[in-house]
Amino acid sequence: MLNSTMRSLVSRTACRSQSYFSTSSVKNIEKLWENPWKHAIPEKTKTFATVEEVPVDWSFVERLMPIEVVPEVPKHDSYPTPSGWTPPTAAGKSHSYYVRRRPDHLLPLYLERKRDLLNEKTLDFDYVELVTVRNVDGDVFACEHDLRSYLEEQLGHSVASHVDELKGRIKVKGAPRLLIEQFFYSKGF
């Protein structure tokens, strides 16, 4: 009996709802609980961006950009120049090692200051200057041996040096940069 009353109640409410609303709109609308994602996510619409090319004067930017081509070795009336610069000579190719110059045609010598031992009298750290020679190709140990013997002969005391064969670098402690520069100029690099 309960089933029959429920059926009759459902049929009455269905008839009343159809009479109040138009049947064409009810049939086309999908029920919300049947596909909740369709109503939660907005429909995708395609939008296309417009592209416009604006002519730009790049001459001001090009002045600031670095030069990509290495300039030629400058020509001077006499060598060494007032700054002490000397161009590479053919004698530099006769050794078992070679020191490549930087793009600005200077020797790859870099000065570095590091903290050394503690001075017990002043309780302050002493600083030591290390000169790093980079871009050494070929026999790096022969270059270090020749450099150390030249510096010890010029200075009159021993000089500490360290060789990094993989990177092609030599670090020298206890010698001024000017003497190292003179050594490489005399060898033709």
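Quick caveat: nothing in here was measured; it's all calculated off a predicted structure. (Residues numbered from 1 in each chain as written. Predicted model: local features only at pLDDT ≥ 70, side-chain atom pairs only at ≥ 80, totals over all residues. Heavy atoms only, no water.)

**Concerning helix α6 (residues 177–187)**
Listing the buried residues of α6 in full gives L179, I180, E181, F183, F184 and Y185. Packed against the buried residues of α6 are β1 (97–99), β2 (109–119), β3 (124–133), α5 (140–155) and β6 (169–173). After α6 finishes, the residue G188 shows a positive phi value of roughly 100°. (Buried < 20%, exposed > 50% of the residue type's maximum accessible area, 1.4 Å probe, protein only. Helix = DSSP H or I, 4+ residues; strand = E, 2+ residues; numbered from the N terminus. Contact = heavy atoms within 4.5 Å.)

**Focus: the nonpolar core**
Of all hydrophobic cores here, the largest spans 24 residues; its most connected members are L151, V172, I180 and F184. Broken down by secondary-structure element, the contributors of at least two residues to this core are β1, β3, α5, β6 and α6. Non-local contacts of F184, meaning those with residues more than four positions away in its chain, are made with V99, L107, L109, V133, C143, L147 and F189. (Core = buried A, V, L, I, M, F, W, Y, C linked by side-chain atoms within 4.5 Å.)

**Describing the packing of aromatic side chains**
Two numbers describe a pair of aromatic rings. These are the distance of the centres and the angle of the planes. Using the criterion set out here, one finds 6 aromatic pairs in the structure. With centroids separated by 5.7 Å and ring planes inclined at 40°, the aromatic side chains of Y97 and F189 adopt a geometry described as tilted. Of this pair, Y97 sits in strand β1 while F189 sits in the segment after α6, placing them 92 residues apart in sequence. Summarising the burial analysis for this pair, Y97 and F189 share the class buried. The aromatic ring of F125 is capped on one face by R115, whose charged end is 4.1 Å from the ring centroid. (Phe/Tyr/Trp six-rings, centres within 6.5 Å; stacked < 30°, edge-to-face > 60°. Lys NZ or Arg CZ within 6 Å of the ring centre and 35° of its normal.)

**Digging into the sheet that holds β2**
The strand order β2-β3-β6-β5 describes an open sheet built from 4 strands, whose pairing is antiparallel. Both outer strands of the open sheet, β2 and β5 (160–164), are each paired with one neighbouring strand and no more. Across the sheet, the axes of successive neighbouring strands diverge by a mean angle of 25°, strand direction being ignored. Of the strand pairs in this sheet, β5 and β6 are connected by 5 bridges, and their pairing is antiparallel. Across the sheet, the residue bridging to D164 is R169, located in β6. Relative to β6, α5 is tilted by about 20°, and along the sheet it contacts β5 and β6. (Pairing = 2+ DSSP bridges. Axes fitted to C-alpha atoms, helices over the stretch in contact; angles between N-to-C directions.)

**Concerning the pairing of β6**
Of the two faces of β6, the one holding I170 and V172 is buried and the one holding R169, K171 and K173 is not buried anywhere. Bridging between β3 and β6 involves 4 bridges; their strand directions are antiparallel. When the bridges of β6 are listed, V133 appears paired with I170. Hairpin connection from β5 to β6: 4 residues lie between these consecutive antiparallel strands, with G168 at a positive phi of about 70°.

**Description of a nonpolar patch on the surface**
Taken together, V54, V56, W58, V61 and M65 make up a surface patch of nonpolar side chains, about 490 Å² in accessible area. Mapped onto the elements, V54 comes out in the loop between α3 (36–40) and α4 (59–64). Its relative accessible area of 54% is what places V54 among the exposed residues. (Patch = residues over 30% accessible without salt bridge, like charges linked within 9 Å, V, L, I, M, F, W, Y side chains within 5 Å. Areas by Shrake-Rupley, 256 points an atom, 1.4 Å probe, with all protein chains shown as cover. Salt bridge = Lys/Arg side-chain N within 4 Å of Asp/Glu carboxyl O.)

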